[in-house]
Every structure is written in structure tokens, then in C-alpha cells.
Amino acid sequence: MNLLENLGIKVVEQTKKKVVLEMTIEDIHLQPYKIMHGGLNAVLAETAGSIGANLNIKEDGFAAVGVDIMTHQLNKIKDGIVIAEATPVRIGKNIQTWQAFTHKKGSAINASLSTMTLKKVKVD
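Note that the structure is predicted; figures quoted are calculated from it, not measured.

Cut-offs and rules
Residues numbered from 1 in each chain as written. Predicted model: local features only at pLDDT ≥ 70, side-chain atom pairs only at ≥ 80, totals over all residues. Heavy atoms only, no water. Salt bridge = Lys/Arg side-chain N within 4 Å of Asp/Glu carboxyl O. Helix = DSSP H or I, 4+ residues; strand = E, 2+ residues; numbered from the N terminus. Buried < 20%, exposed > 50% of the residue type's maximum accessible area, 1.4 Å probe, protein only. Core = buried A, V, L, I, M, F, W, Y, C linked by side-chain atoms within 4.5 Å. Contact = heavy atoms within 4.5 Å. Polar contact = N/O pair within 3.5 Å; in protein donor to acceptor, adjacent residues only side chain to side chain. Pairing = 2+ DSSP bridges. Axes fitted to C-alpha atoms, helices over the stretch in contact; angles between N-to-C directions.

**Brief notes about the pattern of salt bridges**
Side-chain pairs of opposite charge can arise whenever the charged atoms involved come near each other.
Then, number 1: Applying the stated rule across the entire model yields four salt bridges.
Then, number 2: Across the salt bridge formed by E59 and K120, the nearest N and O atoms sit 2.4 Å from each other. Within this pair, whereas E59 is found in the loop between α2 (39-55) and β3 (62-73), its partner K120 is found in strand β6 (residues 110-122), the two being separated by 61 residues in sequence.
Then, number 3: Assessed through its relative accessible area of 40%, E59 is described here as partly exposed.

**Topic: the nonpolar core**
Then, number 1: Ranked by size, the top nonpolar core spans 24 residues in total, and within it L21, M23, L44 and V82 carry the most contacts.
Then, number 2: Contributions of two or more residues to this core are made by β2 (19-24), α2, β4 (81-91), β5 (95-104) and β6.
Then, number 3: Not counting residues up to four positions away in its chain, the partners in contact with V82 are L21, E22, M23, I25, M36, L44, I77, T102, H103 and K104.

**Let's talk about unusual backbone geometry**
Then, number 1: A positive phi angle, near 65°, is found at K34, a position not held by glycine.
Then, number 2: Within the fold, K34 resides in the loop between β2 and α2.
Then, number 3: The exposure class of K34 is exposed, given its relative accessible area of 53%.

**Some words on the side chain of T102**
Then, number 1: Counting through the fold element by element, T102 comes out in strand β5.
Then, number 2: A distance of 2.9 Å separates a polar atom in the side chain of T102 from a polar atom in the side chain of N41.
Then, number 3: Engagement of the side chain of T102 in a polar contact is seen with the side chain of S112, the distance being 2.6 Å.
Then, number 4: Excluding residues within four positions of it along the chain, T102 makes contact with N41, L44, V82, I83, A84, N110, A111 and S112.

**Some remarks on the sheet that holds β5**
Then, number 1: The strand order across the open sheet formed by six strands is β1-β2-β4-β5-β6-β3, and the pairing between neighbours is antiparallel. Both edges of this open sheet fall to β1 (9-14) and β3, since each of them pairs with a single strand only. Ignoring which end each strand starts from, the neighbouring axes of this sheet average 25° apart.
Then, number 2: Pairing of β4 with β5 involves nine bridges; the strand directions are antiparallel. When the bridges of β5 are listed, P88 appears paired with W98.

In C-alpha cells:
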């Protein structure tokens, strides 16, 4: 399963210091109450943080994987495009901490705030 394709997540920007994702809200993303499922805020945050963390790993055969995420749901989103913007709090040799905000495109009001810890692990 490719999570980005299945959920319609697009990578808008990806650098070692910032990752931006966007997702057009469709019926598959909504709870029965017609608001975006809050778990998607966590998915967007960890995906953005993982992309950024992996860009900071310099060694072949290693990847950054999430070991902890905390997401605070701040406001609901019902439609439109949701944006996730992640930036690093600390980039260590083995552990990275990233922070991400989600918001509706064109709005300065955040829908969520997430912090995540990612660990460098051997994948070979």
C-alpha cells in the first residue's frame, strides 16, 4: 500500500529544513459527521516529518522511522485542501524531533499541531 497515493497526498516542498504536503479533502477522508478525520492530521504530520528526517540521514542503508507522535486537534476542516508544514526542532545523529502544523489552504488558523520523534534504524 502506498499511503501517499491512496490518500491523495502530494509533496509540495521537501528540504532538510522544511517539508510541505497537501491533500484535497474527499469523502474518503471524512468522518460520518462530515469533518476530516483527525487521524489524518497525524498521518500528514508524520509523513512530512519522516520525509524531512530521511533527507537528513547521510548514511546508506539507514532510514528514519517514527517512534513517537503527539497530535493536538485544534480546529476542524470540512472541505478544501489541507496543508501540512513540518520543520525540525532538533536534528541529532540518531534521533530527530520534528514539529508539524496542518491548516486549510488559504487560512492561517491551524487545524492541528504535532510533534514527532524519529529514530535512525538500519534497513539492510
